[in-house]
Amino acid sequence: GTNQLAFDKEFTWTMNGTNVTSDATTPTNPDGIESISTLTRDLTIAGEIVFRCEVTISIPGDPVVSNNSSVTITALGPSNPVQPTDLTVVNINYTEATIQWTVSSISYTPEQYIVLYGLTESSLTQESDMVNGTMELNNIDESYSVVLTNLTHNTVYYYQVRSTNTEGSTNSTTGMFTTEEIIAPTITAGPSDANIFDGESVSFTCTVFSETPVDIDIFWETTAINTLPDATTVMTSNDTYTSTLMINSVDVNSTGDYTCVAMNDGGMDIFT
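First, a word on what this report is: a plain description of the structure on this page.

Conventions and cut-offs
Residues numbered from 1 in each chain as written. Predicted model: local features only at pLDDT ≥ 70, side-chain atom pairs only at ≥ 80, totals over all residues. Heavy atoms only, no water. Pairing = 2+ DSSP bridges. Helix = DSSP H or I, 4+ residues; strand = E, 2+ residues; numbered from the N terminus. Axes fitted to C-alpha atoms, helices over the stretch in contact; angles between N-to-C directions. Disulfide = S-S within 2.5 Å. Buried < 20%, exposed > 50% of the residue type's maximum accessible area, 1.4 Å probe, protein only. Salt bridge = Lys/Arg side-chain N within 4 Å of Asp/Glu carboxyl O. Phe/Tyr/Trp six-rings, centres within 6.5 Å; stacked < 30°, edge-to-face > 60°. 1 Å grid on protein atoms, 1.4 Å probe; cavity = no way out; pocket = protein on both sides within 12 Å on 5 of 7 lines; lining within 4 Å. Points joined across faces, edges and corners; volume = space filled by probe spheres on them. Nonpolar A, V, L, I, M, F, W, Y, C, P; charged D, E, K, R; others polar. Polar contact = N/O pair within 3.5 Å; in protein donor to acceptor, adjacent residues only side chain to side chain. Core = buried A, V, L, I, M, F, W, Y, C linked by side-chain atoms within 4.5 Å. Contact = heavy atoms within 4.5 Å.

Here three strands make up an open sheet; going across it, the order is β7-β8-β12 and the pairing antiparallel. Of all the strands in the sheet, the pair left with one neighbour each is β7 (85-90) and β12 (140-148). Strand-to-strand, the axes of this sheet are offset by a mean angle of 20 degrees, without reference to chain direction. As paired elements, strand β8 (residues 97-105) and β12 share eight bridges and run antiparallel to each other. For Gln100, the partnering residue across the bridge sits in β12 and is Ser145.

Below you can see the structure in the form of structure tokens.
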């Protein structure tokens with residue numbers, strides 16, 4: 001409470017009609033132009049609480065006059081968090097998915113959220129990173145999200161969002177999503193037959209279409225080539241990879257079948 005009249009002043013504080021003046025600070029400069037009294041209370045009850053400060057002023061030769069001001073606050077009692085709702089999954093690919101949810105209100109104290117997920121609805125053993133909730137207890141319909149990583153392609157996952165505060169935790173309903181399937185690579189052009197004289201050079205090229213990174217190996221007969229110059233693999237355009245093996249000087253031991261093998265997490269393709 002603050003008053004700016006240069007007369008003797010008396011401050012009276014009430015909380016829900018009960019006098020709590022003894023808990024307030026002694027007014028500063030009580031007979032000066034400005035006087036200040038402060039009330040600080042530890043709230044032990046929940047609900048609507050009205051604090052009122054009344055100032056009584058004694059003016060010599062005049063009746064006693066008074067003025068008052070009040071403020072109403074709502075104290076939240078201890079309770080578990082409100083259940084997260086509006087669960088959605090976006091940006092699903094082979095190994096990642098983004099989980100989104102909404103929290104309608106903060107029930108008691110600032111909350112933290114994690115996503116529990118797993119391969120069966122009864123075994124959500126994996127956890128996402130922690131997401132901190134808002135510190136503004138009056139906010140409503142707050143939206144949050146977290147990215148799940150290192151998922152397995154073409155796999156069904158179940159998940160829940162768990163909200164935790166100082167009083168406990170509350171889980172959302174269970175949702176599910178399926179990661180995208182990685183398609184096996186396709187060799188669109190493989191090594192061509194060649195008749196080469198002893199000592200000449202020769203190259204073999206293998207062109208592969210793959211929506212995800214791919215490993216390309218070239219085999220001589222049934223043995224992976226590791227004593228000849230390494231094949232080099234480059235990405236020539238979106239989803240197209242080319243691997244070329246160069247043999248600078250062929251000899252009779254170079255004769256045979258050369259096989260291109262392309263592999264990704266979705267499978268393999270072979271061309272001889």
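Throughout the structure, instances matching the rule amount to one disulfide. The residue that forms a disulfide with Cys206 is Cys260, at a sulfur-sulfur distance of 1.9 Å. An S-S torsion of about -80 degrees defines the bridge between Cys206 and Cys260 as left-handed. Note that Cys206 is positioned in strand β17 (residues 202-209) and Cys260 in strand β22 (residues 258-264), a separation of 54 residues in sequence. The pair formed by Cys206 and Cys260 is uniform in burial state, with each residue classed as buried.

Per the stated rule, a full pass over the model turns up one salt bridge. Here Asp23 and Arg41 are joined by a salt bridge, their closest N and O atoms 2.1 Å apart. Of this pair, Asp23 sits in the loop between β3 (18-19) and β4 (35-36) while Arg41 sits in the loop between β4 and β5 (47-58); the two residues are 18 residues apart in sequence, bridging distant segments of the chain. The class of Asp23 is partly exposed, set by a relative accessible area of 37%. Residue classification places Arg41 among the partly exposed residues on the basis of a relative accessible area of 31%.

Using the criterion set out here, one finds seven aromatic pairs in the structure. Ring centres of Tyr157 and Phe177 lie 5.6 Å apart, and the angle between their planes is 20 degrees; this geometry places the pair in the stacked category. Here Tyr157, found in strand β13 (residues 156-165), pairs with Phe177, found in strand β15 (residues 175-178); they are 20 residues apart in sequence, far enough to count as distant. Comparing Tyr157 with Phe177, the two get one shared label, buried. Here Phe204 and Tyr258 contribute two aromatic rings whose centre-to-centre distance is 4.4 Å and whose plane-to-plane angle is 20 degrees, an arrangement assigned as stacked. With Phe204 in strand β17 and Tyr258 in strand β22, the pair connects residues that are 54 residues apart, well separated along the chain.

When you line up the elements, Thr18 lands in strand β3. As for Thr18 and Asn93, which are separated by 75 residues in sequence, their C-alpha atoms are 62 Å apart.

This brings us to the layout of surface pockets. If you add up the space inside the largest pocket, you get close to 370 Å³. Lining the largest pocket are 19 residues, with Ala194, Phe204, Ser254, Gly256 and Tyr258 sitting closest to its centre. Considered class by class, the residues forming the lining of the largest pocket number nine nonpolar, six polar and four charged.

Judged by pairing direction, the sheet is antiparallel, and its four strands sit side by side in the order β3-β2-β5-β6 without closing on themselves. The sheet is open, and its two edges are formed by β3 and β6 (65-75), each paired on a single side. Bridge analysis of β5 against β6 gives 11 bridges, and the strand direction is antiparallel. Across the sheet, Gly47 pairs through a bridge with Ala75, a residue of β6.

Inspection of the secondary structure assignment puts Ser210 in the loop between β17 and β18 (215-220). Among the polar contacts listed, one links the side chain of Ser210 to the side chain of Asn264, at a separation of 3.0 Å.

Moving on: the nonpolar core. Counting residues in each nonpolar core, the largest one holds 17 residues, and the members touching the most others are Ile99, Trp101, Tyr113, Val115, Leu148 and Phe177. Elements with a contribution of two residues or more to this core: β8, β9 (112-118), β12 and β13. The dominant element in this core, judged by the number of residues it contributes, is β8, at four residues. Look past the residues within four positions of Phe177 in its chain and what remains in contact with it is Val89, Ile92, Ala97, Ile99, Leu148, Leu151, Thr155, Val156, Tyr157 and Tyr159. Judged by nonpolar contacts, the second largest core, of 12 residues, contains Ala24, Leu39, Phe51 and Ile57.

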